[in-house]
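Residue strings, one per chain:
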Amino acid sequence: MKKLFLCIGILSMPFLNAQDITDALRYSQQDILGTARFRGMSGAFGALGGDLSALQVNPAGSAVFLNSYGSVTLSTNRISNDAFYFNTFNSTNTNNVNFNQVGAVFVYNNNNNTSGINKLSLGIVYDQTSDNANEFFVSGRSTNSIDTFFLSEAQGIPQGLISRRSRETVGDLYSFLGENEGYSAQQAFLGREAFVIEANDVNDPNNTTYFSNVAPGVFDQEYFYESTGLNGKFSLNGGAQINQNLYIGINLNSHFINFDRVTEFFEGNNNTGSNVNEIIFTNRLSTIGAGFSAQIGGIAKLSKMIRVGASFESPTWYYIEEETTQRLETLSDTDGRAIVNPNVINIFPEYKLRTPAKATGSIAFLFEQQGLISLDYSYKDYSTTQLSSDEGGNFANLNQEIENSLQGSSTIRIGTEWKYDRWSFRGGYSFEQSPYKDELIMGDRTGFSIGAGYDFGKFKFDVAYDYTQQEREEQFYPNSAFTNFAVIDTYVDSLTFTLGVNF
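Quantities reported herein were computed from a predicted structural model and do not represent experimental measurements.

**Student:** How do you make sense of the environment of Gly408 when you look at a structure like this?
**Tutor:** Locating Gly408 in the fold gives a position in strand 18 (residues 408–420). The class of Gly408 is buried, set by a relative accessible area of 16%. Expressed as a C-alpha distance, the spacing of Gly408 and Met442, which sit 34 residues apart in the sequence, is 14 Å.

Structure follows, in structure tokens:
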């Protein structure tokens, strides 16, 4: 009978090591997702409105609708990751399909000509904000071994603490260390139990120094990464048209996070004098979260040709829960194959994440009924991202790292739409500045889009194609002594289809 998973709580918060700067950034960023019309113009809708996904940029856009309207959107994505690691190249492709938008806006016209309020609108919208499905594979030959990871975590920990007692199972001690000592002690125990490291004095339970059973030389290494899930938000929107030329609106947003990741690192060597010749290290992470944010915005008609818009999105306040599991396997000449599988789920205390606020300014030029050109500029200061806990967690070091490493990021989106009879043709370009001060860690993201739509009267059908590219460094084990990383060049292209209905 299989051993049941044990659930444990990590209580020693000073040792907590589940979160890092990449996690905080992942949940703070949003992609250009939504309806086909929105994506066909690269999301440049801050001064336009009249599209359900435009409400995520400027909530005043709901009052621009002439009548009640609903839409549903289906999108297919292909993610291509080109990985470079010590002069070795690997390419991985991932495909998936999502319903990434559904919603409706209800418009109520005011026939009282003496009132300054011409129209009221109420919108209920779901928008996917991020697709977490991703996969890549890395391989190459390095002179750095993953043994440095386990060695650095073990130094200073008494040998007796990470040694099993009579009839004590791997799961029992791993669970005890997690509850009472924390992450580093668990990693030290895994490394020693699998013979990657050993105490300098095996007869002294108070020994706190360790050496590696992996001899120096060259190491053939592989790293596999796979993630699933998505982030999204539900928005309740209210808007109004005032004195014909001014639109205002507000959103109350409920956010959710669903992210699962598995990584597997393999290392092999034939180095002279090495007691360990293979290492396989597997880690799984599961994250769920819920949050809240609010938005306000306005759109003004300066003339028949020019519209301007401005909006502000508050920080999102998340409550996040995470679980991890680990497994370590080695092969050595003297001990054979060792499998250390605690079958324990590490349940980390809930923590809070505050993402940055965002401000957007927009301008659009309308050429009567023939076409338009729209421009959005947004600014978000990622260095203001903060983690905290109601359960005594100390995130001071991580928050300081965020402040030192991240920066304010500007985003520019340009879109255009031109009409011929019942047809609409669209195009767009987007540029998002890297949130890192060091752009080698993560580069700028650029993209373009094209699209078309046909108006059947009561129904509308739109299609869009968009493409983005971004390069980044993928560090295998952040904040550890094993600093190896791969350079990942990510290309994402998507086809989006939207069916809309007037009612």
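Next comes the rest of the account.
**Student:** Could you clarify how one ought to interpret the pairing of strand 14 (residues 344–354) in this entry?
**Tutor:** The two faces of the sheet receive side chains in turn, since in a regular strand these alternate between them. Bridge count between strand 12 (residues 317–332) and strand 14: seven bridges; the pairing is antiparallel. Paired with Tyr318 across the bridge in strand 14 is Leu353. Sheet analysis places strand 14 next to strand 17 (residues 386–388), joined by three bridges and oriented antiparallel. Bridge assignment links Leu353 to a residue of strand 17, and that residue is Leu387.

**Student:** Just to check I follow, could you spell out the packing of helix 3 (residues 147–154) against helix 5 (residues 183–193) for this structure?
**Tutor:** Helices that pack against each other are described as a pair by the angle of their axes relative to one another and the distance between those axes. Two elements in contact, helix 3 and helix 5, have axes separated by 8 Å at closest approach and are oriented at 125°. Judged on the interaxial angle alone, helix 5 and helix 3 are oblique. For the element pair helix 3 and helix 5, the recorded crossing hand is left-handed. Taken together, the residues of helix 5 that come into contact with helix 3 (itself represented by Phe149, Phe150, Glu153 and Ala154) are Tyr183, Ser184, Gln187, Ala188, Leu190 and Gly191. Of the residues contributing to the contact of helix 3 with helix 5, the split by class is six nonpolar, three polar and one charged.

**Student:** What exactly am I supposed to notice about empty space enclosed by the protein here?
**Tutor:** Empty space among the atoms becomes apparent when a probe as large as a water molecule is rolled across them. Here the structure, examined in full by the defined rule, presents three cavities of 30 Å³ or more. What the largest cavity holds in volume is close to 140 Å³. Along its surface, the largest cavity is lined by 17 residues, and Tyr27, Ser28, Gln30, Thr316 and Tyr318 are the ones closest to its centre. Considered class by class, the residues forming the lining of the largest cavity number four nonpolar, ten polar and three charged.

**Student:** Where do I start with helix 3 in this structure?
**Tutor:** A turn of α-helix holds 3.6 residues, and therefore any two residues three or four places apart point the same way. Extensive coverage of helix 3 is indicated by the burial of six of its eight residues. The complete set of buried residues in helix 3 reads Asp147, Phe149, Phe150, Leu151, Glu153 and Ala154. On its buried side, helix 3 packs onto helix 5, strand 6 (197–199), strand 7 (210–212), strand 10 (276–301) and strand 12. One or two residues past the end of helix 3 sits Gly156, with phi positive at roughly 95°.

**Student:** It is not clear to me how unusual backbone geometry should be interpreted in this structure. Could you clarify?
**Tutor:** Only a minority of non-glycine residues have a phi that is not negative, and only a minority of peptide bonds are not trans. One non-glycine residue with positive phi stands out, namely Gln244, at about 70°. Located in the positive-phi region is Asn343, a residue other than glycine, with phi close to 55°. Mapped onto the elements, Asn343 comes out in the loop between strand 13 (336–340) and strand 14.

**Student:** Is there a simple way to explain the pattern of salt bridges in this structure?
**Tutor:** Pairs can form between side chains of opposite charge whenever their charged atoms are close. This structure, assessed with the given rule, holds 17 salt bridges. For the salt bridge of Arg78 with Asp493, the shortest nitrogen-to-oxygen distance reads 3.1 Å. Taken together, the positions of Arg78 in strand 2 (residues 69–85) and Asp493 in strand 22 (residues 485–502) put the pair 415 residues apart, joining distant regions of the chain. A salt bridge links Lys233 to Glu313; the shortest N-O distance between them is 4.0 Å. With Lys233 in strand 8 (residues 219–242) and Glu313 in strand 11 (residues 306–313), this residue pair connects regions lying 80 residues apart in the sequence. A residue is classified by how much of its surface remains accessible, and Lys233, at 1% relative accessible area, is buried. What makes Glu313 buried here is its relative accessible area of 6%.

Rules used throughout
Residues numbered from 1 in each chain as written. Predicted model: local features only at pLDDT ≥ 70, side-chain atom pairs only at ≥ 80, totals over all residues. Heavy atoms only, no water. Helix = DSSP H or I, 4+ residues; strand = E, 2+ residues; numbered from the N terminus. Buried < 20%, exposed > 50% of the residue type's maximum accessible area, 1.4 Å probe, protein only. Pairing = 2+ DSSP bridges. Axes fitted to C-alpha atoms, helices over the stretch in contact; angles between N-to-C directions. Parallel < 35°, antiparallel > 145°, perpendicular 65-115°, else oblique. Left-handed = near helix turned anticlockwise from the far one by under 90°. Contact = heavy atoms within 4.5 Å. Nonpolar A, V, L, I, M, F, W, Y, C, P; charged D, E, K, R; others polar. 1 Å grid on protein atoms, 1.4 Å probe; cavity = no way out; pocket = protein on both sides within 12 Å on 5 of 7 lines; lining within 4 Å. Points joined across faces, edges and corners; volume = space filled by probe spheres on them. Salt bridge = Lys/Arg side-chain N within 4 Å of Asp/Glu carboxyl O.

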